[in-house]
Amino acid sequence: MPRAMRLPSDQDASGRTLGQEEIAALAEVIRSGTLTSTKGTFVSRFESRFASLMGVKHAAACASGTAAIHTALAALDLEPGDEVITTAITDMGAVAPILYQGAVPVFADVDPQTFNVTGASIAARLTKRTRAIIVTHLFGNPADMTAIMEVAQDAKVPVVEDCAQAYCAQHRGQNVGTFGVLACYSLQQGKHITTGEGGIVTTNDDHLARRVRLFINKAWGYGDPDPDHYFLALNYRMTELQGAVAFAQLPKLVPSVCRRIARAQELTTRLRSNAGLRAPAYVPGDVHVYWKYPLRVDERIVVGGAEAVAQRLAKRGIASAPRYIKKPAFACEVFARQRTFGESRYPFTLATNAALDYTPERFPGTFDALSAVLVLPWSECYTEEHVEFLASALAEATA
Ligand SMILES: *Cc1c(COP(=O)(O)O)cnc(C)c1O
C-alpha cells in the first residue's frame, strides 16, 4: 500500500457523479432563458420522478435541507411553545427551523452504538406539549422506525423523518421517509446526490403537500381561482438551474448507493479482526446507505481513542472526523446562550425547565457516541484499492 493516497472527495469532481448529463440539462435551461421553477419544467419533473422513486405521492423541491425541515414543520402548523423532539447529534440546519417556527426543541438521547434516537429515548421526552418528532437517520443508518412509530402513534404525535443522509435506506424492507407523515432530504454538496444547495420534502398527505408547496412559495396560491398570500411563509424555491442538475443526478442515485454499500461491506469485513474498532452497527436486514462510514474507537484498546486515530490517519492523507460535530446541538451558543431574536430569547421563554435541562446525565448515549465516533469520509467513487488503503491505514493507526 502507498504511504498516502488521494481519496475521492465529495467536495470536488473526484468523488461526485457530476458529468455530461448535468451539463446538458443545465445548458438546456440556460438556453431556454427560464430560470425560475414557477415557469420551467425541470424542478417539477425532478419532483415527480423523486416521488415515484421513493414510492410517495408528493415531493416538493426547495432551497436547502434546512429549508426542507423548516417547510415540514411549517406544514404541521405548530403553535408557539409546542415541543419538537429531536436529536442533539445532527446538522444545525435540522434544529434551527424549530426555533424559527416558535417551537421548543427537546433533545432525546441516542443509542451510542447506532447514533440514532430510539423509541425508548423518544418516549422518555414526551410531554403534553409534544407536537412533533424529528427522526434523523444519521450517517445513512435507518433508525428503528418500528419502535419509534409505535411510540409516536400511541402519543398521536406526527413524525418527520430527516433523510438528508439516508437516501434509499431501508428499515424492514421499507424506505425511510415513508414511515412518518413528512420526510426531508438535502441536496447539499456532500450528500448522496447534489445540486450544491437544495432540498426536498415528501409526503403522502394531500393537505400537508398543499401546505408544503405554499410555504415554499410565500404561501401564494399558484393555480388557485382567487390566489392570495394565505399565511406567513418564505421564498424557499429551487431554481431551474438546480432543478436541471437534480434531474440529471437522480438516475445516478441508486447506483451510487449500491456502490457505497458494496465498498462499506468490504471495509467492514477487513476491520473484523481489529478489536479496537467497531464497524457501523445496524439492525440485521436493514439497509445502511453509508453517507459516511462511522466507526467506534474503543479507548481501552486504542490509546488516545478516536482523536489519536484521526491524527495518524491524517499523516496518510485521510481526513476523518473524530466526534463528527464538536459538541451536541444544545451546547452550541444559540442554545447555551439562547441567542435568537434580539434580546428576547424567544421561543426559549416559552419552554419548561425540563425542556431546557441539558445536564450531561440526561444524555449518556449522546456523549458516549460523540467521544467514541470516528467518521470516515465516504464516496460512491471509492474503488477496492481505496478501501484496501483505508483498511491498512486503520490497522496501522490502531496498532
Ligand atoms: C445536511 C443536513 C441537513 C441540512 O441540509 P442543508 O442542505 O445543508 O441545509 C439537515 N439534516 C441533516 C441530518 C443533514 O445531514
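Residues numbered from 1 in each chain as written. Predicted model: local features only at pLDDT ≥ 70, side-chain atom pairs only at ≥ 80, totals over all residues. Heavy atoms only, no water.

1. Here we look at the pattern of salt bridges
Short version of the rule: When a carboxyl oxygen of Asp or Glu lies within 4 Å of a side-chain nitrogen of Lys or Arg, that pair is called a salt bridge. Each helix is a run of H or I in the DSSP string that is no shorter than four residues. Each strand is a run of E no shorter than two, and both are numbered from the N terminus. We call a residue buried when its accessible area falls under 20% of the maximum for its residue type, exposed when it is over 50%, and partly exposed in between, using a 1.4 Å probe and counting protein chains only.
As enumerated under the stated definition, the model contains 18 salt bridges in all. Between arginine 213 and glutamate 47 there is a salt bridge, with its nearest N and O atoms 3.3 Å apart. With a gap of 166 residues between them, arginine 213 in helix α7 (residues 206-216) and glutamate 47 in helix α2 (residues 42-54) connect regions that are remote in the sequence. On the basis of relative accessible area, arginine 213 is assigned to the partly exposed category, the value being 37%. Note on glutamate 47: relative accessible area 9%, which makes it buried. The partner of aspartate 298 in a salt bridge is arginine 300, and the shortest N-O contact between them spans 2.9 Å. What makes arginine 300 exposed here is its relative accessible area of 75%. Each member of the salt-bridge network shares a partner with another, and the members are Arg16, Arg260 and Glu380.

2. Regarding the domain arrangement of the protein
Stated precisely, the cut-off is as follows: An automatic or database domain assignment supplies the residue ranges for each domain. Simply put, the buried area is the total loss of 1.4 Å probe accessible area from both parts when two parts are fitted together.
One can read the domain layout of the protein as domain 1 (13-251) and domain 2 (253-325 + 365-397). Placing the centre of domain 1 and that of domain 2 at their C-alpha centroids yields a distance of 27 Å. Contact between domain 1 and domain 2 buries roughly 2,800 Å² in total, counting both sides, with carbon and sulfur atoms accounting for 62%. Between domain 1 and domain 2 we count one salt bridge in total.

3. Observations concerning the packing of helix α1 (residues 20-32) against helix α8 (residues 240-249)
Spelled out, the test is: Inter-axis angles, ranging from 0 to 180 degrees, are taken between N-to-C directions of lines fitted to C-alpha atoms, where helices are fitted over the stretch in contact. Convention used here: angles under 35 degrees read as roughly parallel, angles over 145 as roughly antiparallel, angles from 65 to 115 as roughly perpendicular, and any remaining angle as oblique. Here is the rule for handedness: rotate from the far helix to the near one, and if that takes an anticlockwise turn smaller than a right angle the crossing is left-handed, while a clockwise turn gives right-handed. Here, residues are in contact when the closest pair of their heavy atoms is within 4.5 Å. Amino acid classes used here: Ala, Val, Leu, Ile, Met, Phe, Trp, Tyr, Cys and Pro are nonpolar; Asp, Glu, Lys and Arg are charged; the rest, including Gly, are polar.
Look at α1 against α8: their axes get within 8 Å of each other, and the N-to-C directions meet at 150°. When the axes of α1 and α8 are compared, the pair comes out roughly antiparallel. The crossing of α1 and α8 is right-handed. Residue-level inspection shows Glu21, Glu22, Ala25, Leu26, Val29 and Ile30 of α1 in contact with α8, the latter providing Glu240, Leu241, Ala244, Val245, Ala248 and Gln249. Its residues placed into classes, the contact of α1 with α8 shows eight nonpolar, one polar and three charged.

4. A few points about the packing of helix α9 (residues 253-271) against helix α13 (residues 384-398)
Across the interface, α9 lies against α13 with an axial gap of 10 Å and an inter-helix angle of 30°. Classified by the angle between their axes, α9 and α13 sit roughly parallel to one another. Classified by chirality, the crossing of α13 by α9 is right-handed. Within the contact between the two elements, α9 uses Arg263, Glu266, Leu267, Arg270 and Leu271 and α13 uses Glu384, Val387, Glu388, Leu390, Ala391 and Leu394. In terms of residue class, the contact of α9 with α13 is built from six nonpolar, no polar and five charged.

5. A short note on the site of the ligand
Note the cut-off: Any residue with a heavy atom lying within 4 Å of a molecule or strand is counted as near it. Polar contact is the term for a pair of N or O atoms within 3.5 Å; when the atoms are in protein, one must be able to donate a hydrogen and the other to accept it, and sequence-neighboring residues count only if both atoms are side-chain atoms. Surface accessibility follows the Shrake-Rupley procedure with a 1.4 Å probe radius. Residue values consider only the protein chains on display as shielding.
Close to the ligand lie 14 residues, the nearest being Thr66, Asp162, Gln165, Ser186 and Lys191. Within the contact set of the ligand, an oxygen atom lies 2.8 Å away from a backbone nitrogen or oxygen of glycine 65. The protein chains hide 93% of the 380 Å² of surface that the ligand would expose on its own. For the shell around the ligand, the residue count by class is two nonpolar, nine polar and three charged.

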